[in-house]
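Structural features, examined
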Amino acid sequence: MRETLAGTGVLIRLGLRRDRWLLPAWIAGFAVTTYSTAAAGAELYPDVGSRVEAATALNATASLVALFGRVYEPTSLGALSLIKYTAFMAAILAVLMVFITIRHTRSDEESGRLELLGGGRLGRDAPLAAALAISFGASLVLGLVTAVTLAAGGLPAAGSLAFGLGWAATGMAFSAVAGVTAQVTASARAATGLSLGVVAVTYALRAVGDLAEPGPSALSWLSPIGWNQQIRAFAGDRWWVLALPLALCAALVPVALALRARRDLGSGLREERPGPARGSLNGVWDLAVRLQLRLLAAWAVAFVAFGVVIGSLAGNVTDLLSSPNAQDLIRMLGGTQAMTDAFIAAEISIMGLLAAAYGLSAANRLRDEETDGHVEALLGTATTRPRWATSHFAFALAGVAVLMLLSGLSVGAGAAMVLSDGNQLGRITVASAAQIPAAWVMTSVVLAAFGWAPRLTGTVWGLLLVFVALGEFGVLWNAPEWVMELSPFRHSPLLPLDSDAVWPMLGLTVTAAALAALGYTGWRRRDLAP
Amino acid sequence: MAGVVKRFGPVVALNGLDFSVEEGEVHGFLGPNGSGKSTTIRLLLGMLRANAGSIRVMGFDPWSDVARLHRRLAYVPGDVALWPNLTGGEVIDLLGRLQGGQDAARRDRLLEVFDLDPTKKSRAYSKGNRQKVALIAALATDAELFLLDEPTSGLDPLMEDAFRQCVRELRNQGRTVLLSSHILSEAEALSDRVSIIREGRVVETGRLEELRHLTRTSVTADVAVVPAGLDALPGVHDVVVTNHRVSAQVEPSGLAPLMRALTDAGLLALTSQPPTLEDLFLRHYGAAVPAVAAGASSGRPGDA
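1. A short note on the overall build of chain B
Scanning chain B from terminus to terminus reveals 10 helices and 13 strands. Taken over 304 residues, chain B has a buried fraction of 44%. Across chain B, contacts joining residues at least 24 apart in sequence account for 70% of those joining residues at least 6 apart.

As structure tokens, then:
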């Protein structure tokens, strides 16, 4: 083994030890989702006719093609059922691999943990090599597990394998991207941001490329997410396309190693610019805004873009899902009103889940600030505990509200335009705002955990995933009603709203307030970590 | 603090600690790593809650009167963590404002004294520079009480000097300073009184003169002929003779007579060193080395 790689094995074992819950949980999550989708597809589209109908409608709807891509074989059950998974879930997988890679490279470097280990017998390239080994390995395992679950769900074995390997190769490609960005910037947050930017750009490239008639243009071929779609699992299984992401890995890994060799431990390639000598932060609220605003702004941009696409789809809904079965399902899942309302309601509730995810990440900053030791300096001043906790918690609540109002306005504006009905703007915005209390409940659960069981603050993510899965597949799984009722999202009122919608919203808001009060009580009573 | 007990799960960090600091004094708080120094200071700040005993700081209960108390004190943590993307200047100003205002002129002077570049992002600072940021933020305030947890760890000797100068100024202004350290000479140079903590209890407290018996110098000398009667010299203890080498523990008053005796005996080589805190514990409290090690590991991670 080369001298610069000394200690890689030890670091891999250390990394797997640290990720021993995270990785299995994510892989299980992907497995459950893909299995459920494969199994549900057969019920949704029982015969070739219904598939061709749905696939043709989908391919004819520009905004859906931009969002998810095309169905390249209208008769294929797999290609149709997994349409959301080739690009959209592949992007989520890419995000996951970015997080894992940065976590084991730049984050460890920033915290000084690598320096501690670097004093031992550790080669210069070992941390990067170990991080890539972990994320490559995780991608591969996730891909193979996915292949097995898809086949178990009743889809053809060859297509399942092509699909799984496609995910694996996509995950590896974005791990390599993160391996490079981790060398370029000096902070983990900046490296993550840069990598996520690459994910977004590649997603957008293929969106534009896929819109070209008759098939994808060169733009789609510039995007690793586009490659994943062009493998065309269940629609021809073009194995050779797998060579593209693997070639990208082979090209990026040496680049990352070369960049690492050119810089010092702890620094980026770019020199850090000096900042202001005098501070303008006037208190803990200013500090929370400074620490959190950038993330909220990024979410807001994504919400508006997503919202406009969804809104402009409103006119096509009835064409899109003209098969009676699909219409039944939409009605069943989304409410009993007209198709357009049901569609918009379904999409808005997805955005409500995403807003809850934002609320969780923003409120989790409380725990991060504590474990990073930042709170100690603040609480040594005249700042009280509730006052400090309120700064981040209130920002999280406000952020959730801003996101849902923006999503309502953008979906509403899109729908108002395509339906030539100005009333849509107001009623959709109100319907979107109706999702805020459920997301607030989840945000408050974080505060409650932070107050009473601070080590468990991060596991609220798991709770959110359970609620998401229950909402998505609860009916399919025959989950008992009382279990479904546990999810706050189950109680969010849907379009069209009537005056009764006030009560569940009020109930959820009171629940959120009670959880927050509980959290404050715990936080006032407990010892400060670490 | 009286009879204070603090447990972390099964680990007893403070075991009936009695401790008091007089107004207007610089009080050295000495103890080896893991003896409970940081735990004590964090209890004084209301960051931890005692399991038993009573704590009063300037007449306030630090657990319930946080805001009123903290407006009158300033704290420098032992392990300073800063927001990586804020500059040192921004952090100093933020902490100052949260404290209820700091003196801008004094802040600028301190930046100069400690030679800190306030435009650098915190992530680019070394441990010593992070320590300076917290020190400047605290020293620029008008607090009456300063709680400094190992404030010089990470500072170079030049900066240590600057720090000592600052503490002397504080004392001249009548402020109260609690200064924790595991270095005896540092506390000796600055403190009016010291308290020594070991395994969660204060084992010694008093003015430095009263604790003079703690500050014996350890002397080792090679001589041509070992003189008789060294044990009988005043202030000379624990004399051990091996061949031509003599070693002894010497009080300040015993140094001159011993040196004379050794010079007369044909002094060939001489080393002397002030006692380390660990020496003190070994000598005065009969702690075997493993017990000290156990004391160090019974503290929480990062505790000092």
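From this point, things continue past the structure.
2. Some details on the sheet that holds strand β4 (residues 52–54) of chain B
All names here are of chain B. Spatial ordering of the open sheet is given by β2-β1-β4, a layout of three strands whose pairing is antiparallel. Only two strands of the sheet have a single neighbouring strand rather than two, namely β2 (11–17) and β4. Within this sheet the neighbouring strands show an average axis-to-axis angle of 20°, counted without direction. One ladder, built from two bridges, connects strand β1 (residues 2–8) with β4; its direction is antiparallel. Of the residues in β4, the one forming a bridge with Ala2 is Ser54. On the sheet, helix α1 (residues 37–44) packs against β1 and β2 and is oriented at approximately 70° with respect to β2.

3. Observations concerning the packing of helix α10 (residues 157–184) of chain A against helix α14 (residues 243–262) of chain A
Helix-helix packing is characterised by the crossing angle of the two axes and by the distance between the axes. Residues and elements named next belong to chain A. One can describe the packing of α10 onto α14 by two numbers: an axis separation of 9 Å at closest approach and a directional angle of 20°. As far as their axial angle goes, α14 and α10 are roughly parallel. When the axes of α10 and α14 are compared, the crossing they make is left-handed. Side by side, α10 and α14 meet where Ala169, Thr170, Met172, Ala173, Ala176, Val177, Gly179, Val180, Gln183 and Val184 of the first sit next to Pro245, Leu246, Leu248, Cys249, Leu252, Val253, Val255, Ala256, Leu259 and Arg260 of the second. Each residue belonging to the contact of α10 with α14 can be placed in one class, and the counts come to 16 nonpolar, three polar and one charged.

4. Points about the domain arrangement of chain A
Taken domain by domain, chain A holds domain 1 (1–44 + 84–270) and domain 2 (283–530). Here domain 1 of chain A and domain 2 of chain A have C-alpha centroids that lie 28 Å from each other.

5. Some points on the confidence of the model for chain B
Detailed conclusions should not be drawn from predicted coordinates in areas where pLDDT is low. All names here are of chain B. Of all residues in chain B, 88% attain a pLDDT of 70 or more, and the chain-wide mean is 84. Ranking the elements of chain B by mean pLDDT puts helix α10 (residues 289–298) last, at 38, and strand β6 (residues 145–149) first, at 94. For this predicted complex, the interface confidence reaches an ipTM of 0.79, while the overall pTM sits at 0.78.

6. Some remarks on the sheet that holds strand β7 (residues 176–181) of chain B
Residues and elements named next belong to chain B. In spatial order, the strands read β5-β6-β7-β3-β8-β9; together these six strands make up an open sheet with mixed pairing. Every other strand in the sheet has two partners, leaving β5 (73–76) and β9 (201–207) as the edge strands with one partner each. The mean angle between the axes of side-by-side strands here comes to 15°, regardless of whether they run parallel or antiparallel. With six bridges connecting them, strand β8 (residues 193–198) and β9 associate as antiparallel partners. Bridge pairing links Ile197 to Val202 in β9. Set on the sheet, helix α5 (residues 127–139) makes contact with β5 and β6; between it and β5 the angle comes to about 175°.

7. Focus: the nonpolar core
A:Val400, B:Val133 and B:Ile136 are the most contacted members of the largest nonpolar core, which has 211 residues in total. Among the elements that line this core, the one with the most residues is α10(A), at 15 residues. Counting 10 residues, the second largest nonpolar core, distinct from the first, contains B:Val223, B:Val236, B:Val250 and B:Leu262.

About the criteria used
- Residues numbered from 1 in each chain as written.
- Chains lettered and ligands numbered in written order.
- Predicted model: local features only at pLDDT ≥ 70, side-chain atom pairs only at ≥ 80, totals over all residues.
- Helix = DSSP H or I, 4+ residues; strand = E, 2+ residues; numbered from the N terminus.
- Buried ≥ 20, exposed ≤ 12 C-beta atoms within 10 Å, placed from the backbone.
- Contact = placed C-beta atoms within 7 Å.
- Pairing = 2+ DSSP bridges.
- Axes fitted to C-alpha atoms, helices over the stretch in contact; angles between N-to-C directions.
- Parallel < 35°, antiparallel > 145°, perpendicular 65-115°, else oblique.
- Left-handed = near helix turned anticlockwise from the far one by under 90°.
- Nonpolar A, V, L, I, M, F, W, Y, C, P; charged D, E, K, R; others polar.
- Domains from an automatic or database assignment.
- pLDDT = per-residue confidence, 0-100.
- Core = buried A, V, L, I, M, F, W, Y, C linked by C-beta atoms within 7 Å.

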